[in-house]
There are 2 protein chains.
Amino acid sequence: MNESALTPERILAAAEDVLRRFGPGKATVVDVAQALGVSHGSVYRHFASKAALRDAVLRVWLERTMAPLQIIANGKAAPPTRLRQWLGALREAKRDKALGDPELFATYGALAADAREVINEHVEHLRGQISSIIAAGVASGDFRKVDARATALTIFDATTRFHYPGLAHLWGNPGEDAAFKQLIDLLIRGLAADGKPAAR
Amino acid sequence: MNESALTPERILAAAEDVLRRFGPGKATVVDVAQALGVSHGSVYRHFASKAALRDAVLRVWLERTMAPLQIIANGKAAPPTRLRQWLGALREAKRDKALGDPELFATYGALAADAREVINEHVEHLRGQISSIIAAGVASGDFRKVDARATALTIFDATTRFHYPGLAHLWGNPGEDAAFKQLIDLLIRGLAADGKPAAR
DNA sequence: ATAATGACAATATTTGATATTTGTCATTCC
DNA sequence: GGAATGACAAATATCAAATATTGTCATTAT
């Protein structure tokens, strides 16, 4: 086993690179193997199918780009503020990718279209983070006594306009920042405990 | 000028029919002309291009399917109730089309994809209706003193999850009704004047 | 023994020659 | 005269043959 042993990690890195250079339509597993200097049969020793490789690449990418969210969710800001920060960060992460490198964003969008399973896991993960912030808000008395998990879904649904990749074409519009702020204000107000006007 | 004179209306009806039978990919203007028993050149006397014909068909369809909304918007139910009814009707109209006849829904979705202009007009129209309900709610004291037009957009954005056709694949899920109700409740609560808990 | 290879069958994609469709307009019809 | 036609050029779409890709596995290399 030398330092250039063929590992899933090395294959993933190569696949990501090939995908970035060739796009989702053109990237083949032969290309990935070639980039690693091995035969494509060897790749199949580590990933059962092209779909499995695709899923793994998508998972890694999602984990990497959503990392800042976990930090905010675990933070100690007051829950209403934390919820604002978290939703703002989710929006920014997506928007920066979409506007900063539209091709790559489209590439991962194409991957996601065929990986419903991975996406469901991902959404479930995000929902858990929102849920923990809401639970904290209920405990602190900032929010009404709502069901945290159900409300997390409601918040996620309500902000779809600003995080669903299929709507990325709207994210460059002029009024976008104001529209987002207005929505968050309305949601936080709807969540606020009586007599505790929304923080901020 | 006899009773079977070639009019834009007759062409529109034929186009709609051809579109329904052949789908958006296969329907040609020769097909439309044939259905009318005229040459395709004659169609071009009434519509400048295939795109113009397509836009007209889409406009007629949107007008027809959204007709119930105007009635609700003009109704005299208390504004919070009216807003609930209106948003519920918007959701239902879309969902019924999407689940009831998926092919036709996909057909009009395809038309819409190439008719950004028509869609913008349409959204503007809906926004106006929401706006008038909100203005009524502010006047009646049920809602806080919000900017009706800006808030109308916020409400439209917040409900994207339930009316954007690109998300139709989610509309058959089990928890869907509950999720929608939860969202509307949260929005109405966020809109309610202090001391006036959300009407039911 | 374990890892890697490459030949292979079954699909899927690309290509490019052929056919259709769009949009125009000079001519015909009533 | 105004409405309709159909022949036409240019732009698009279609389809079948040629090529490439996926996934397997018996064989080879270490």
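Here is what the cut-offs are and how they apply
- Residues numbered from 1 in each chain as written.
- Chains lettered and ligands numbered in written order.
- Predicted model: local features only at pLDDT ≥ 70, side-chain atom pairs only at ≥ 80, totals over all residues.
- Heavy atoms only, no water.
- Least-squares fit on C-alpha atoms with pLDDT ≥ 70 in both.
- Contact = heavy atoms within 4.5 Å.
- Domains from an automatic or database assignment.
- Buried area = accessible area lost by both parts, 1.4 Å probe.
- Salt bridge = Lys/Arg side-chain N within 4 Å of Asp/Glu carboxyl O.
- Polar contact = N/O pair within 3.5 Å; in protein donor to acceptor, adjacent residues only side chain to side chain.
- Nonpolar A, V, L, I, M, F, W, Y, C, P; charged D, E, K, R; others polar.

**Q** Help me understand the relation of the copies chain A and chain B in this model?
**A** A rotation about an axis combined with a shift along that same axis relates the two copies of the chain. Rotating chain A by 180° about the axis while translating it 0.1 Å along that axis superimposes it on chain B, leaving an RMSD of 0.1 Å. The symmetry that links the two subunits is that of a two-fold axis. Of the C-alpha atoms belonging to chain A, the one lying closest to the rotation axis is found on A:Gly190, 1.9 Å away. Both copies present the same face, since 100% of the interface residues in chain A are matched by interface residues at the equivalent positions in chain B.

**Q** Help me understand the domain arrangement of chain A in this model?
**A** It is common to report an interface's size as the accessible area lost on association of the parts. Residues and elements named next belong to chain A. In terms of domains, chain A is made up of domain 1 (8-47) and domain 2 (60-191). The gap between the C-alpha centroids of domain 1 and domain 2 is 31 Å. Domain 1 puts 6 residues into the contact, and the matching count from domain 2 is 8 residues. For the pair domain 1 and domain 2, the summed buried area comes to about 560 Å², and 64% of that belongs to carbon and sulfur atoms. One can count 2 salt bridges joining domain 1 with domain 2. With a closest N to O distance of 2.4 Å, glutamate 16 and arginine 64 form a salt bridge.

**Q** Help me understand the interface of chain A and chain B, please; the structure alone is not making it clear to me.
**A** Contacts between chain A and chain B engage 24 residues on the former and 25 residues on the latter. Summed over both sides, the interface of chain A with chain B buries roughly 2,000 Å², with 61% coming from carbon and sulfur. At the boundary of chain A and chain B, one finds 4 salt bridges. Note that A:Arg161 is salt-bridged to B:Asp157, the shortest N-O span being 3.4 Å. Inspection of the chain A/chain B interface yields 4 residue pairs in polar contact (both at pLDDT 80 or more). Looking at the side of chain A that touches chain B residue by residue, the class counts come to 11 nonpolar, 7 polar and 6 charged.

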